[in-house]
Amino acid sequence: MRATWDIFCSVVDNYGDIGVTWRLARQLVAEHGLAVRLWVDDAQAFVRLCPQADPQQPTQKQQGVEVRHWPVDWLPVEPADVVIEAFACQLPQSYITAMAAREQKVLWLNLEYLSAEAWVAGCHALPSLQAGGLSKFFFFPGFTAGTGGLLRERDLIAQRQAFQADAQARHAFLRSVGVSLPAGARLISLFAYENTALASWLDALASSDQPTQLLVPEGRILSDLHAWLGGPALQVGAVRQRGQLYVQVLPFLSQEQYDQLLWSCDFNAVRGEDSFVRAQWAGRPLLWHIYQQADDAHLEKLDAFLAIYQAGLSEGAQAALVSLWHAWNQGGSVAQSWNQLLQHGPELSAHADAWALQQASQVDLAAALVQFYLNWL
Ligand code: TRH
């Protein structure tokens, strides 16, 4: 009998919660042959990532995953063999009661947010006893041995490498999203929260020697982009030029297309959690806009990642990288650090590629979850 898995996703804001759980659910089905139900409380957020889904349907099969609307008034269902609450979302009380009452015991996991902080490996996979006698295990994704790893589909790196080795594939993809590249232009993608540092980056790009094509999927950064560009409101498809900078607004892409965008670009600005990981798999230099937390807790996470990512880079490249990421995340001017970073372009590109391969040599998150379940049985 196939093991059954329930994944619960409560959408707090943005697309990271559903982005991660939808990706994980698909992978558990496609690569591990599991029967997966994904419970989502925000149908609109799901449809954004899976446009073929019907937000009105309480139950639907999408890419082999049974996608269920998670209603406010929970209706009893038989719990699965493995239950994942994503990012500490609160499971329905009656579901927890049913888990405890189930004849065959249930593995209960809380999938945590990604962090490169050193304490993660020490907390990964620890159980915590819950009221009612059940244990809940804390499963931490991460970058180092002793963590749960990163979400990565089995053939992702091979697909990405084949795409990047095929200039036709890149052109065909760019054409399919309406992009034609000015000759000799550097291609950059931009996905970020509102950011007062943006204007300084755009200034630097506009006054550079080399043309840049900046591709911006629709989202929260458009207000700052518009403030800098002026003129009519930015709609999908808008193309504007200022100096050496060409800006194009793209529609919000499917996750597959977004991967191809990251693979196509020379440099990617990403945010949150899932796009941050996808940009690493792209093997290209990146800039991370981390999700802000109270008391600047996110800045420690930023530095924890930088500390492991920058290892092996020259001093100059490290300094440029750290100062660019700090300025971007603190809303300061990035012009100087961007120009410094450009001086280390080839080194940073080789480093990004090596980083992706090194990370890909570790077990991926879905496989780690499945192995954890098998060990627990
Ligand atoms: O949307 P986010 O800012 O999500 C955030 C983070 O996950 C954060 O940690 C969490 O606390 C908060 O949500 C609630 O960024 P993230 O994680 O990159 O998720 C975006 C998803 O959208 C990701 O799966 C990639 C996908 N995406 C597309 O599919 N198409 C697109 O065009 C773009 C720009 C993104």
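Residues numbered from 1 in each chain as written. Predicted model: local features only at pLDDT ≥ 70, side-chain atom pairs only at ≥ 80, totals over all residues. Heavy atoms only, no water.

**Digging into the pattern of salt bridges**
Taken as a whole and judged by the stated rule, the model has 13 salt bridges. Between Arg 102 and Glu 78 there is a salt bridge whose closest N-O contact spans 3.2 Å. Of the two residues, Arg 102 is situated in the loop between α3 (93-101) and β6 (107-111) and Glu 78 in the loop between β4 (65-69) and β5 (82-86); the sequence distance between them amounts to 24 residues. On the accessibility criterion, Glu 78 (54% relative accessible area) is exposed. (Salt bridge = Lys/Arg side-chain N within 4 Å of Asp/Glu carboxyl O. Helix = DSSP H or I, 4+ residues; strand = E, 2+ residues; numbered from the N terminus. Buried < 20%, exposed > 50% of the residue type's maximum accessible area, 1.4 Å probe, protein only.)

**Examining the site of the ligand**
The ligand sits among 22 residues. The nearest are Asp 13, Tyr 193, Leu 253, Asp 274 and Ser 275. A distance of 2.5 Å separates an oxygen atom of the ligand from a polar atom in the side chain of Tyr 193. Summarising the interface, the protein chains cover 98% of the accessible area of the ligand, which totals 710 Å² for the free molecule. Listing elements by their share of the shell around the ligand, those giving two or more residues are α1 (16-32), α9 (255-264) and α10 (274-281). Among the elements that make up the shell around the ligand, the one with the highest residue count is α1 (three residues). Among the residues forming the shell around the ligand, the class breakdown is ten nonpolar, seven polar and five charged. Both domains that furnish three or more residues to the shell around the ligand are identified here as domain 1 (4-150 + 362-376) and domain 2 (156-360). (Near = heavy atom within 4 Å. Polar contact = N/O pair within 3.5 Å; in protein donor to acceptor, adjacent residues only side chain to side chain. Areas by Shrake-Rupley, 256 points an atom, 1.4 Å probe, with all protein chains shown as cover. Nonpolar A, V, L, I, M, F, W, Y, C, P; charged D, E, K, R; others polar. Domains from an automatic or database assignment.)

**Remarks on the domain arrangement of the protein chain**
A common measure of how large an interface is: the accessible area buried when the components associate. Parsing the protein chain into structural domains produces domain 1 (4-150 + 362-376) and domain 2 (156-360). For domain 1 and domain 2, the distance between their C-alpha centres works out to 29 Å. With 20 residues of domain 1 at the interface, the matching set in domain 2 holds 25 residues. Carbon and sulfur atoms make up 51% of the surface buried where domain 1 meets domain 2, a total of about 2,100 Å² over both sides. When the buried area of domain 1 at its contact with domain 2 is split by residue, Arg 23, Phe 143 and Gln 362 rank highest and sum to 28% of it. Linking domain 1 with domain 2 are three salt bridges, by the criterion used here. Every element with two or more residues in the side of domain 1 that touches domain 2 is listed here: α1 and α2 (43-49). (Contact = heavy atoms within 4.5 Å. Buried area = accessible area lost by both parts, 1.4 Å probe.)

**Overview of the sheet that holds strand β2 (residues 35-40)**
Spatial strand order, β3-β4-β2-β1-β5-β6-β8-β7: eight strands in an open sheet with mixed pairing. What marks the edges here is a single partner per strand, and that holds for β3 (59-62) and β7 (127-129). With strand direction ignored, the average angle separating the axes of adjacent strands in the sheet is 25°. One ladder, built from four bridges, connects β3 with β4; its direction is antiparallel. Opposite Gln 62, over in β4, you have Val 65 as the bridge partner. (Pairing = 2+ DSSP bridges. Axes fitted to C-alpha atoms, helices over the stretch in contact; angles between N-to-C directions.)

**Brief notes about a nonpolar patch on the surface**
Residues Val 12, Tyr 113 and Tyr 291 make up a contiguous nonpolar surface patch of roughly 290 Å² in combined accessible area. As for its placement among the helices and strands, Val 12 is situated in the loop between β1 (4-9) and α1. (Patch = residues over 30% accessible without salt bridge, like charges linked within 9 Å, V, L, I, M, F, W, Y side chains within 5 Å.)

**Some details on the nonpolar core**
Across soluble globular proteins, nonpolar side chains have a tendency to be buried as a group. In terms of nonpolar packing, the biggest core is built from 77 residues, with Leu 190, Trp 201 and Trp 325 touching the most fellow members. Top contributing element to this core by residue count: helix α12 (residues 315-330), with eight residues. The two domains that each donate at least three residues to this core are domain 1 (4-150 + 362-376) and domain 2 (156-360). Once you skip the residues sitting within four places of it in the chain, Trp 201 turns out to touch Ile 188, Leu 190, Phe 267, Ala 269, Leu 287, Trp 328, Val 334 and Trp 338. Within the second largest apolar cluster, 43 residues are counted, among which are Leu 28, Ala 368, Leu 369 and Val 370. (Core = buried A, V, L, I, M, F, W, Y, C linked by side-chain atoms within 4.5 Å.)

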